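Each chain, letter by letter, is given below.
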Amino acid sequence: MAPFPSCLGEGRCPARSRAGTSFARIWNQHLVPLNFQIILGRKQTGKKMKFHVFVFVGVVHLLSLNSGKAVYGNGISQRTFQEIKEEIACYGDVAKAIINLAVYGKAQNRSYERLALLVDTVGPRLSGSKSLEKAIQIMHQNLQEDGLENVHLEPVKIPHWERGEESAVMLEPRIHKMAVLGLGGSIGTPPEGITAEVLVVTSFDELQRRAPEARGKIVVYNQPYTNYSRAVQYRVQGAVEAAKVGALASLIRSVASFSIYSPHTGIQEYQDGVPKIPTACITVEDAEMMSRMASRGSRIVIQLKMGAKNYADADSFNTVAEIIGSKYPEQETENNRRAKSPRFRSSLYNLDMGPLLKICMVVLVSGHLDSWDVGQGAMDDGGGAFISWEALSLIKDLGLRPKRTLRLVLWTAEEQGGIGAFQYYQLHKANISNYSLVMESDLGTFLPSGLQFTGSDKARAIVEEVMCLLQPINVTQVFRAGEGTDINFWIQAGVPGASLLDDLYKYFSFHHSHGDTMTVMDPKQMNIAAAVWAVVSYVIADMEEMLPRS
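Reading guide: rules and limits
- Residues numbered from 1 in each chain as written.
- Predicted model: local features only at pLDDT ≥ 70, side-chain atom pairs only at ≥ 80, totals over all residues.
- Heavy atoms only, no water.
- Pairing = 2+ DSSP bridges.
- Helix = DSSP H or I, 4+ residues; strand = E, 2+ residues; numbered from the N terminus.
- Axes fitted to C-alpha atoms, helices over the stretch in contact; angles between N-to-C directions.
- Contact = heavy atoms within 4.5 Å.
- pLDDT = per-residue confidence, 0-100.
- Salt bridge = Lys/Arg side-chain N within 4 Å of Asp/Glu carboxyl O.
- Buried < 20%, exposed > 50% of the residue type's maximum accessible area, 1.4 Å probe, protein only.

**Comments concerning the sheet that holds strand β6 (residues 218-221)**
If you walk across this open sheet you meet the eight strands as β3-β2-β9-β5-β6-β7-β8-β4, and the pairing is mixed. This sheet does not close on itself; its edge strands, each paired only once, are β3 (176-178) and β4 (180-182). This sheet shows a mean twist of 30° between the axes of neighbouring strands, independent of strand direction. Pairing analysis gives six bridges linking strand β2 (residues 166-172) to strand β9 (residues 301-306), with the strands arranged antiparallel. Bridge pairing in β9 places M170 opposite I302. The strands touched by helix α9 (residues 228-244) within the sheet are β6, β7 (249-253) and β8 (279-282), with β7 carrying the most contacts at an inclination of about 155°.

Dropping the structure here:
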């Protein structure tokens, strides 16, 4: 089926970083000379056994593979790092073929055009909405028509919240209608709204110092934006902290790197035992204006009206499609057979291990199909979902079939905290040792800076070599902290994880706002992002060995 052999001999990366050389030395000096095997309750034959080490540290190790040449801390590869580098270099021509097809060939702009058709047709796709379910059904049909394999929907339950009508009006010291967006999961106000004086603070510490002033007021947070991870805690926890000191509602300065009077919504969380109060985001401009007013001693009064409602959980689906692996499409190891036994399940761990009948060795690529209910959800995360689809399309179009299964998952209800992805993890975690790499694109599909990666040093060294294959488009860097709301469950359990990194300043300028539309997207940049995604996922899925874990 494939016109390309597994090894093509060309495409060696001429420049090697000192870090890569260091990893090679560690690999050769410390990994290969080990002359013992860690055995998980299995007797080896035909080899001299040095040690029997019985390790029961959880499902990950008990289900470690005894086939497929997995390189784990509990399964030692006898190949040198130099041999692995040479294997990766053999993919040079395959990588060039993928790049040429995606960036210069007949597939250029395809992911952009596919995305535009969906978001122009369906619009934003809020968890629990009819538009999200319409998008899922469209994508299910699209993946089937694209000729991908094992296309199916996996049912999940997801939150259903609607914002309703909402407004915020400053009544004192002057009349000013404010742009506002309720935060996900917030309760509404009474029909007449909440009219109260405002207390402006810049941090949780200031709120605690001024707690006696907060009772009966609307707390406005004007926290500085240094980076997203620091600022977002005010959106997520702001209502709870304000409620603890007796506030009636909270308004959060939008978590954004840049603003043209644009509120940015997002999820917030209530806490058991703490009163629930309405909460919404306001623009950076209004938060700073009220902060200036308060510093002059002006009395600020706001009337807040929110028609937000929470409903019973809704039915939804994670959308799945595959290119089935040529060498390890489906298998069942001795450890997995043992793990299915009632004795193992009930006596050893008392865990629900989930389905174990069909075991695939997998590289997972993903993005989330849901969005917030403003804009079009084109950037967050339509782009990530569609370059993930495009990665499989490019590989299929070239007639390539990797040794391991490439699995595309389009998550549902990511914006509510990875709800769909958590249920996927619960369903599939019994096969965790068969996942070589989990990938998620959810930080934009602008011109990529490189790949963020989380995993062992040995796995990082391999990924660095794979990224060298992308020199033709000058995207070769490997950064720390590969992550994604939907794949973090796997990463925290020890599976290597990767995410696409690009212009975060631009990303958080439009994130969760009315500005997240197709106008933000660039087809040429999406082409490059798709090429990176396809090359990395294919090579990792086709290599002789799985990525090593710690």
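**A short note on the confidence of the model for the protein**
Averaged over all residues, the pLDDT of the protein equals 86, while 80% of them reach at least 70. Across residues 1-76, confidence stays below pLDDT 50; counting only partners more than four residues off in sequence or on other chains, it has 158 contacts. When the criterion is pLDDT under 50, residues 331-357 qualifies, and its contacts beyond four places in sequence or with other chains add up to 62 contacts.

**Quick word on unusual backbone geometry**
Along the chain, E172 connects to P173 via a cis peptide bond; the corresponding omega equals 5°. Looking at the element boundaries, P173 is found in the loop between β2 and β3. D381 follows D380 through a cis peptide bond whose omega is 0°. Mapped onto the secondary structure, D381 falls in helix α13 (residues 378-397). Positive phi, close to 70°, is recorded for N109, a residue that is not glycine. Summarising the element assignment, N109 is placed in the loop between α4 (92-104) and α5 (110-122). In this structure, N150 is a non-glycine residue whose phi angle is positive, near 50°. With respect to the secondary-structure elements, N150 resides in strand β1 (residues 149-162).

**Observations concerning the pattern of salt bridges**
As enumerated under the stated definition, the model contains 22 salt bridges in all. The closest approach of N and O atoms between R79 and E545, which form a salt bridge, is 3.8 Å. Residue R79 is located in the loop between α2 (59-62) and α3 (81-89), and its partner E545 is located in the segment after α18 (523-542); the two are separated by 466 residues in the primary sequence. Of the residues examined, E545 reaches a relative accessible area of 8% and is grouped as buried. A salt bridge links D146 to K396, with the shortest nitrogen-to-oxygen separation between them at 3.9 Å. Linking D146 in the loop between α6 (130-145) and β1 with K396 in helix α13, this pair joins segments that are 250 residues apart in sequence. D146 gets classed as buried once you look at its relative accessible area, which sits at 13%. Each of the salt bridges in this network shares a partner with another, and the network as a whole consists of R110, R114, D146, E390, K396 and D397.

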